[in-house]
Structure formats: C-alpha cells, structure tokens
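Remarks on the overall topology
Spelled out from the first residue to the last, the chains are:
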Amino acid sequence: GDSVTQMEGPVTLSEEAFLTINCTYTATGYPSLFWYVQYPGEGLQLLLKATKADDKGSNKGFEATYRKETTSFHLEKGSVQVSDSAVYFCALSAPNFGNEKLTFGTGTRLTIIP
Amino acid sequence: GAGVSQSPSNKVTEKGKDVELRCDPISGHTALYWYRQSLGQGLEFLIYFQGNSAPDKSGLPSDRFSAERTGGSVSTLTIQRTQQEDSAVYLCASSLEVLGETQYFGPGTRLLVL
C-alpha cells in the first residue's frame, strides 16, 4: 500500500540556519504530495503541495519539489525563524477522484533556538 | 466563515462507555474525512464520506467504530464500549471533490479513556 517515510526528529537548529526535512514515498500511480504543519496548540494546516512531477510547492519561504525519479518531496527553507518551530508532516493522496484520503509520515518536530 | 469545527474539544470517559464526536465541515465541501492522531500510530485515516455515503471505511479499526453524515454536512463519529487504546486526537477534514484538492482540518477532539 501507499506509505510515506520522513526524517525522524526531533530537529533543533539555530535561527537563520538552512533547513531540510527529507520525505520519500511509495505509491501506485501519481499521487499528490503535501506538507502539513502543526504549530504548538494549533490544528493541522497545509503548508504547501504539488500535484504532479517536477512541480514546486512554496509558501512562507518553504519549498518542496515533487521528484518522481527519486520518489521524494523534501522540505527546505533557506533561513529558519523561531516562529517555524512546529511539527511537520509529509503526506500523499492517491489519484482516486473524490477520495483523496491522506497517508501521512510520522512527523518531524522542529525547534528553532534564537 | 468558518473553517472546520469539531466538538467537544476534549472528552474524558470511562472504559466501556460510548462517545460521540461531532464534525461541522466547511460549507459546500462534499468530501469529509476522519483521521486519528495517536502517539503509537501517528496520523491515520479512518473513514471518507462523499455526500452522505461512506464509500471508504477501510481505516475504521474495529466494529466498535461507526460514523454517519446527514444532509451532506455534519458528521458524527461514534465509538462504542471505549477502550484505553482509543485515547487519541480525532481529526476531521473537509475538501472539495477535486483531484489534489486541499483538505482543511478541524482543531480535533482529544479523547481520553480512563
């Protein structure tokens, strides 16, 4: 079945450091790929997405590129801030019109220290 | 204007009791999903609704779990004879029925079974 493997945390970085959180997937067909973020005390919210190969999703300085050849969707940010501290989830949805149920990775807790 | 709402936000119950969790999706969203977030299992899919019907119940962990949706809107997830392993955060999400469409999550119901 479909699965998502993402970098285990926790990850601790200093402010302004470069961030990469690795994510790889296994799926039949061509899934859509997502990064969701959960800030402390808040619900899950979409950070960015890509729906086909070579698409780049971006938001709030974060980027991820859908790489079909390596089945990856790594999250990157050039200069992190304390406010980026959160849990990040990589997810996919299988190409099944209507039923776009999400398969999630285990989540990566990111802490940014000033 | 709202986003997805869920109630109650927290529920403490005794083992063996039944509980009902409610989800109000975004108006106009025909697809509705229930997920569960627990320490041991991460984020996992439970059930998908298309309108009032549930074509995918594959994630429900046992026959103690059931869900319904009425009027193409509000959904209720019922857990009968609760067990301690049912303790988790239950998340509801809704979306338009379009390939790769974003799912918008509610704040969740935190269930604790004593």
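Going by the structure above, here's the rest.
Report follows, based on the coordinates. From a predicted model like this one, the values you see are computed outputs, not experimental measurements. (Residues numbered from 1 in each chain as written. Chains lettered and ligands numbered in written order. Predicted model: local features only at pLDDT ≥ 70, side-chain atom pairs only at ≥ 80, totals over all residues. Heavy atoms only, no water.)

1. Section: the pairing of strand β7 (residues 65-69) of chain B
For clarity, the threshold we go by: Note: two strands are recorded as paired if DSSP finds a minimum of 2 bridges between them. For helices the rule is a DSSP run of H or I covering at least 4 residues; for strands it is a run of E covering at least 2, with both sets numbered from the N terminus onward.
Of the pairings in the sheet, the one linking β7(B) to strand β8 (residues 75-79) of chain B comprises 5 bridges and is antiparallel in character. Bridging from a neighbouring strand, Ser66(B) pairs with Thr78(B) of β8(B).

2. A look at the sheet that holds strand β8 (residues 62-65) of chain A
Residue and element names in this part refer to chain A. Let me state the cut-off plainly: The convention used is that axes are lines fitted to C-alpha atoms, helices contributing only their stretch in contact, and that angles between N-to-C directions extend from 0 to 180 degrees.
Pairing within the open sheet is antiparallel, and its 4 strands lie in the order β3-β9-β8-β7. Each edge of the sheet is formed by a strand with only one pairing partner; in this case those strands are β3 (19-21) and β7 (56-59). Mean inter-strand twist for the sheet, computed between neighbouring axes without regard to direction, equals 15 degrees. Bridge count for β7 against β8 is 4 bridges, and the pairing is antiparallel. Bridge pairing links Gly57 to Ala64 in β8.

3. Focus on the side chain of Gln6(B)
Residues and elements named next belong to chain B. Inclusion rule: Buried, partly exposed and exposed residues are distinguished by accessible area as a fraction of the type maximum, computed with a 1.4 Å probe on protein chains only: under 20%, between the cut-offs, and over 50%, respectively. We define a polar contact as two N or O atoms separated by no more than 3.5 Å, with the added condition that, inside protein, one atom must be a possible hydrogen donor and the other a possible acceptor, whereas residues neighbouring each other in sequence contribute only through side-chain atom pairs. The contact rule is simple, with two residues in contact once any of their heavy atoms fall within 4.5 Å.
Summarising the element assignment, Gln6 is placed in strand β1 (residues 5-7). According to the relative accessible area criterion, Gln6 is buried, its value standing at 10%. In terms of polar contacts, Gln6 uses its side chain to reach the backbone amide nitrogen of Cys92, at 3.0 Å. Reaching out from Gln6, the side chain makes a polar contact with the backbone nitrogen of Gly108 at a distance of 3.0 Å. Among residues more than four places away in sequence, those in contact with Gln6 are Arg22, Cys23, Trp34, Tyr90, Leu91, Cys92, Gly106, Pro107, Gly108 and Thr109.

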